[in-house]
Structures are given as structure tokens and as C-alpha cells.
Number of protein chains: 2
Amino acid sequence: VVKSLINGHVTDVIDVSNRGLAYGDGLFETIRVIDKSPVWLGQHLARLRRGCDRLQLNLDETLLRAEISSLCQTSDAVNHPVADQDVADQVLKVIITRGAGGRGYRPDPRQGVERILQLSSYVADPNSSQQGIALFTCKTRLARQPLLAGLKHLNRLEQVLAAAELPIDCREGLMQDTAGLVIEGTRSNVFFVIAGQLCTPSLAQAGIDGVLREWLCDVMSVQIRQIGSAEIDAAQEIFVGNSVFGIYPVTSVHGVNGAITPFQVGEMTRACQAQLHQATGIIG
Amino acid sequence: VVKSLINGHVTDVIDVSNRGLAYGDGLFETIRVIDKSPVWLGQHLARLRRGCDRLQLNLDETLLRAEISSLCQTSDAVNHPVADQDVADQVLKVIITRGAGGRGYRPDPRQGVERILQLSSYVADPNSSQQGIALFTCKTRLARQPLLAGLKHLNRLEQVLAAAELPIDCREGLMQDTAGLVIEGTRSNVFFVIAGQLCTPSLAQAGIDGVLREWLCDVMSVQIRQIGSAEIDAAQEIFVGNSVFGIYPVTSVHGVNGAITPFQVGEMTRACQAQLHQATGIIG
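Quick caveat, the model's predicted, so the values are computed rather than measured.

### Here we look at the overall build of chain A
Part 1 of the reasoning: Along chain A, the regular secondary structure elements total seven helices and 16 strands.
Part 2 of the reasoning: Computed over C-alpha atoms, the radius of gyration of chain A comes to 19 Å, within 12% of the 19 Å expected from 2.2 N^0.38 for 284 residues, which places it in the range of a compact globule.
Part 3 of the reasoning: The C-alpha extent of chain A, read off along each of the three principal axes, is 50 × 45 × 35 Å.
Part 4 of the reasoning: Classification of the 284 residues of chain A by burial places 58% in the buried group.
Part 5 of the reasoning: Looking at chain A alone, contacts between residues at least 24 apart form 72% of all its contacts between residues at least 6 apart.
Part 6 of the reasoning: Of the roughly 11100 Å² of accessible surface on chain A, 50% is carried by carbon and sulfur atoms.
Part 7 of the reasoning: Each charge sign in chain A was given a centre, from 25 positive and 29 negative side chains, and these centres are 6 Å apart.

Here it is as C-alpha cells:
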């Protein structure tokens, strides 16, 4: 069940000549909404601003903030009611595109941006947060592209191909880049405890700079560095995280050769989950 | 002026939850239409089929062919008339997406594909075909991703960024990959005559395998190989080509340092243009 707002108007459709469809010419954010309040809204908007700078998109942030506030406050309004019994838990997707444009890659610098907001109900998965998940090592690798690394842009075919690989018993997939470095999950960032130190891969060449990752690097001592796939087996703890589901401990890694390596849910993982719950209300 | 057909229905809008918009989860073709007849239709559909295989999209090709034929034949129909005086020259864009889907990268294997057809009038540029164009060397580089190389998929942010670099007097931009190899134009393939031999870059790691390029490799002796940027200055002739505009000779290359290297329009370029005109009716 979704309520959509496009440039402030309640509608479910976009023009077929939208550059977001034609070229993936835009960005997005996926934001957890608890009790009508978007979690880490400032951090999501800051990442969006960095992306807009890089793609030269003229986003009116004040207008976007007002629309987000309006949509979240009136989310049980008449037009497209959120029928779910539990309206307290929702997820807001914000898509920013360069709007409708003629044929041709070249963007028109005078063109305004299009703001697409979609609010859906969200069903949390406390089981994954508490008992942990299996992590599948994907064959699909991420290209190295420093111009786009970090951004949550709309060119996500690599993630689609990687997610298609996941067997039913694995809730997340682990992606390496074409150089063999560990980068991230298909929809999350990944964290390791190696020799007692919490660390997460550098995203200078590939990957999405997640809002939860950014927050965690602020509140905990996290080492950001290149992590090779050979280091995974040496980890004492592994967890994946994003700003919607929070933190899922990893209890096994399924390797490309079929081997399954078990992991314990350790103290560091539980400490990060506790901090997260305190800061945001997200369980896990 | 555009007439659009989506899954066979005349409409200009798509559902906001389309995966083509969300993730660029799809492919496209841009086809020259002369006197209501799509040029190289078989080759375009063959490339689309290769892309659908790679992305696991279940395209109904018979249905697509029927819709293309219907749209091209009735292009001066009442609904959205092509107002242009010269209806003989048109361009047909075909977008194939995985259709509307919920949140999440993982594709549903049972999901049908969405066929989006857009027919527009086309204004040819005989001046560029005859006198040639200036080619700008773009700073934006292409990532190396063998899983997606060759395909004309919807993840085209690199081309958008490169096209945004073009100065007004350069009709096309030349792109290298992140390893420094010459790959293609922003919207065309590139061909060089080096030591008398016609050659074009290998697209194993990056680039779009163009329909004109495929045709040219069939009818001429073209060497496909890695081409370094240092070889550009040694070329006797350079031209760019795609299946819509045909072949534009390159009369100068603008380097990243601002230097401009002039090139002659040579016999090989003219021979390729003559063959093209004979085979398709495209001038240039």
C-alpha cells in the first residue's frame, strides 16, 4: 500500500519521457518512518545534497522537506489510505530525477528536478535482528567507478543481478568489486570485527555510503579500510546494516564454492544494536 | 512530438513504481525509421534479445514486433499526430523494463516485462555527415564491468555526465574507460584508420555494442582491438557512428589539455558512408 506525491501532487504516474526511466538520471533515499517521523532525515537529505552536487541537480531542499513532512503527517489521509493495521511503522522512498526531457543524454542545465515521494507500510523483521541471518557471497561484482561511488543513484543493475542470485535461505548478499575487494551487501553496508577492531570497507571505488554506516562511524570507533575476501574467515563478528532495517547479525557466510562458514553473534554487534535502538527507536 | 505505446496501449505515463525508474532495470533501443520502415529492425531486436537473456527478462518478441509495426504504420494517426512537415524521417525508441514492482532489488522471475514504444520525428544533420564534426575528449570515464558491457541497458549516468561536459562546438564526446583505453562516443561507436587498417575498440569491459558497428564489422574488414589514447594522434581518419545518425567524420579532436588536433576526412570514411547509404538509405 503506497501513497505517492510527485512534485507535491498526489499521483501514481510519471511521464514516460522521464530521465530517471530513460537513463537512471537521478538519486534516491529510503527512509524509515516511525510514528510519522522520518528517522535520520537530516542525514538522508545531506547525502541527497552531495549526490545532487555531483550530478548537477538543482534540488529545492526546503520544498522537499515540506512535502516529506506533509506526506508523513497525513499518511492516513483519505486519498490512498495506508490500510495496514500498524501505521506506526512505515518506509518513505524519495526519488529525485532530472524530470522529463527529450531524446539525448545531455542534460539541460535550466531543467528543474522532479521530486517523487512514496510512503508504504513497513513490516519489521525482529527475528533477523535477534537471531541473525545467512549472508550469500554473490558472483556479481561491482564495477569500480570513483565518479559515482558512495552515491545512492538510480543505476542499480548490479544490485538487481546480485539480488537475483540469493538462495531463499539467505537474507542478504555480499558483494565484492571487480578487483576482489569486499564492498557491501546488496542493500546494506557490511561490518566486521577483526582482531577486536570494528571495521568496514572503503567505498572510494564502489558501493553506497549508507546513512547507518555514517552514523555508526560517528558513534563508534570504526576503521575504514580495504578488506580482502580472504579476511572474512578471520572475522570474530560480522553484521550488515542499513537505515531501514537497522542491524542484522550474520551467523553464516555462504561462499562461492558452496562452503558455509558459521559466525557467532558477538558483544560488538549487540552493543551497536543497543546504541541504534537508543538513538532511533529501531530494534536491530 | 511523440506518440507512445505502452504494452500496446496509447498512453504517455507509467506507474511510478516501475523498476526501470527505480533501478534502471531494463534495456532500450533507438531505431531510425525511414518511410514508416524501421532500419535494421532485426539487428536491434537481436541485441535486445541478448540483453534480455543477460538480465533474465521474458520479452515476448512476436508481440513487440507487432506493436512496432502497428505504431510505425499508423504514425500519422489521430491520437497524437506527428505534426512535423517531414513524416518520412522518424526515430523509434523501444524501452523494455521489468515492469512495476514492490520495494527491493530482487526481481520476481514470474514478472512480465513492460514494452514502451515512443515514436518521434527526426531531423537529420547532413552538414555533420558531409563536413564532419569536432570530437571532445571527456574527463568522465567508463567503469569496467564485463557483466553489462555491450548491452544498451538503462543505467546511463556515465553518458549523462560525459554529455554534460561537451562544449557547444563539439557534436560528440570521446570516452575512455578507467584503465585509459579508448572505448566509444557518448552516443556512438568510434572508428579509426591506423596504418591503413580500419579498427574499433574492443567492448569486452565497457561500452555499447552498436548496431551500426555490428553491421560495419560484417561488411568491411574491421579490426577489433584495445586502442590506447596515445594512438589517436597517429590515426589517418576518425569517424563516429550509430544506427540513427549514421556516420559523422571527425575533423578535429579536442584533448583534455585543450589542444586541438585536426584530421582529414579520408577515403575509408567516405567508402563506409557510401556503403551505409546503399544498405539503409541513411545519408551519412
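### Comments concerning the sheet that holds strand β4 (residues 26-34) of chain A
All names here are of chain A.
Part 1 of the reasoning: Pairing is antiparallel in the open sheet, where six strands are placed in the order β2-β1-β7-β6-β4-β5. The two strands at the open ends of the sheet, each matched to only one other strand, are β2 (9-10) and β5 (37-38).
Part 2 of the reasoning: Pairing of strand β6 (residues 89-97) with strand β7 (residues 114-121) involves eight bridges; the strand directions are antiparallel. For Lys-93, the partnering residue across the bridge sits in β7 and is Gln-118.

### Some remarks on the sheet that holds strand β1 (residues 2-6) of chain B
All names here are of chain B.
Part 1 of the reasoning: Pairing in this open sheet of six strands is antiparallel, and the strands run β2-β1-β7-β6-β4-β5 from one edge to the other. Each having just a single partner strand, β2 (9-10) and β5 (37-38) make up the two edges of the open sheet.
Part 2 of the reasoning: Pairing of β1 with strand β7 (residues 114-121) involves five bridges; the strand directions are antiparallel. If you follow Lys-3 over to β7, its bridge partner there is Leu-119.
Part 3 of the reasoning: Its contacts with the sheet put helix α2 (residues 41-55) on β4 (26-34), β5 and β6 (89-97), and the angle it makes with β4 is roughly 180°.

### Quick notes on the packing of aromatic side chains
Part 1 of the reasoning: Within the structure shown, the criterion is met by ten aromatic pairs over all chains.
Part 2 of the reasoning: Taking the centre distance of 6.5 Å and the plane angle of 70° together, the rings of Tyr-23 of chain A and Phe-28 of chain B count as edge-to-face. With Tyr-23 of chain A in helix α1 (residues 19-23) and Phe-28 of chain B in strand β4, this pair bridges two chains. Here Tyr-23 of chain A matches Phe-28 of chain B in class, with each residue buried.
Part 3 of the reasoning: With centroids separated by 5.4 Å and ring planes inclined at 45°, the aromatic side chains of Trp-40 of chain A and Trp-215 of chain A adopt a geometry described as tilted. Within this pair, whereas Trp-40 of chain A is found in the loop between β5 and α2 (41-55), its partner Trp-215 of chain A is found in helix α6 (residues 211-219), the two being separated by 175 residues in sequence.
Part 4 of the reasoning: Put simply, the rings of Tyr-23 and Tyr-105 of chain A together with Phe-28 of chain B pair up and form one aromatic cluster.

### Some words on the relation of the copies chain B and chain A
These two copies of the chain differ by a rotation about an axis and a displacement along the same axis.
Part 1 of the reasoning: Of the transformation superimposing chain B on chain A, the axial component is 0.0 Å and the angular component is 180°, with the fit at an RMSD of 0.0 Å. Classification of the inter-copy transformation places it as that of a two-fold axis.
Part 2 of the reasoning: In this assembly the copies share their binding face: 100% of the residues contributing to the interface of chain B also contribute to that of chain A.

### Focus: the pairing of strand β10 (residues 182-185) of chain A
Residue and element names in this part refer to chain A.
Part 1 of the reasoning: Summarising the sheet, strand β9 (residues 172-176) and β10 pair through three bridges and their orientation is antiparallel. Within the sheet, the bridge partner assigned to Gln-176 lies in β10 and is Val-182.
Part 2 of the reasoning: Where β9 folds back onto β10 in an antiparallel hairpin, the turn is made up of five residues, including Gly-180, whose phi is positive at roughly 90°.

### A few points about helix α5 (residues 157-165) of chain B
Part 1 of the reasoning: Buried residues dominate α5 of chain B, accounting for seven of its nine residues.
Part 2 of the reasoning: Turning to α5 of chain B, its buried residues are Leu-157, Glu-158, Gln-159, Val-160, Leu-161, Ala-162 and Ala-163 of chain B.
Part 3 of the reasoning: For α5 of chain B, the elements touching its buried residues are α1, β4 and α2 of chain A together with β9 (172-176) and β10 (182-185) of chain B.

### Focus: the confidence of the model for chain A
Residue and element names in this part refer to chain A.
Part 1 of the reasoning: Per-chain confidence: chain A averages 93 in pLDDT, with 94% of residues scoring 70 or above.
Part 2 of the reasoning: Here residues 77-85 scores under 50 on pLDDT; set against residues more than four positions off or in separate chains, the count is 14 contacts.
Part 3 of the reasoning: Confidence metrics for the complex model read pTM 0.95 and ipTM 0.95.

### Focus on the interface of chain B and chain A
Part 1 of the reasoning: With 59 residues of chain B at the interface, the matching set in chain A holds 59 residues.
Part 2 of the reasoning: Buried surface at the junction of chain B and chain A, both sides included, amounts to about 4500 Å², of which 66% is carbon and sulfur.
Part 3 of the reasoning: Summed over the shared surface of chain B and chain A, the result is zero salt bridges.
Part 4 of the reasoning: Joining chain B to chain A, the criterion identifies 19 residue pairs in polar contact (both at pLDDT 80 or more).
Part 5 of the reasoning: For the side of chain B that touches chain A, the elements supplying multiple residues, two or more each, are β1, β3 (13-15), α1 (19-23), β4, α2, β6, β7 and α5 of chain B.
Part 6 of the reasoning: No other element matches the seven residues that α5 of chain B contributes to the side of chain B that touches chain A.
Part 7 of the reasoning: Per-class residue counts for the side of chain B that touches chain A are 27 nonpolar, 17 polar and 15 charged.

### Quick word on the nonpolar core
In globular proteins that are soluble, nonpolar side chains generally tend to be buried together.
Part 1 of the reasoning: In this structure, Ile-14, Tyr-105 and Ile-116 of chain A together with Ile-14, Tyr-105 and Ile-116 of chain B are the most contacted members of the largest nonpolar core, which totals 28 residues.
Part 2 of the reasoning: Breaking this core down by element, the ones donating at least two residues are α1 and α5 (157-165) of chain A together with α1 and α5 of chain B.
Part 3 of the reasoning: If sequence neighbours within four positions are ignored, Tyr-105 of chain A has contacts with Arg-19 and Tyr-23 of chain A together with Phe-28, Lys-152, Arg-156, Gln-159, Val-160, Ala-163, Thr-186, Arg-187 and Ile-208 of chain B.

Scoring rules and cut-offs
- Residues numbered from 1 in each chain as written.
- Chains lettered and ligands numbered in written order.
- Predicted model: local features only at pLDDT ≥ 70, side-chain atom pairs only at ≥ 80, totals over all residues.
- Heavy atoms only, no water.
- Helix = DSSP H or I, 4+ residues; strand = E, 2+ residues; numbered from the N terminus.
- Rg over C-alpha atoms; globule rule 2.2 N^0.38 Å.
- Buried < 20%, exposed > 50% of the residue type's maximum accessible area, 1.4 Å probe, protein only.
- Contact = heavy atoms within 4.5 Å.
- Areas by Shrake-Rupley, 256 points an atom, 1.4 Å probe, with all protein chains shown as cover.
- Lys, Arg positive; Asp, Glu negative; His and termini not counted.
- Charge placed at Lys NZ, Arg CZ, Asp CG, Glu CD.
- Pairing = 2+ DSSP bridges.
- Axes fitted to C-alpha atoms, helices over the stretch in contact; angles between N-to-C directions.
- Phe/Tyr/Trp six-rings, centres within 6.5 Å; stacked < 30°, edge-to-face > 60°.
- Least-squares fit on C-alpha atoms with pLDDT ≥ 70 in both.
- pLDDT = per-residue confidence, 0-100.
- Buried area = accessible area lost by both parts, 1.4 Å probe.
- Salt bridge = Lys/Arg side-chain N within 4 Å of Asp/Glu carboxyl O.
- Polar contact = N/O pair within 3.5 Å; in protein donor to acceptor, adjacent residues only side chain to side chain.
- Nonpolar A, V, L, I, M, F, W, Y, C, P; charged D, E, K, R; others polar.
- Core = buried A, V, L, I, M, F, W, Y, C linked by side-chain atoms within 4.5 Å.

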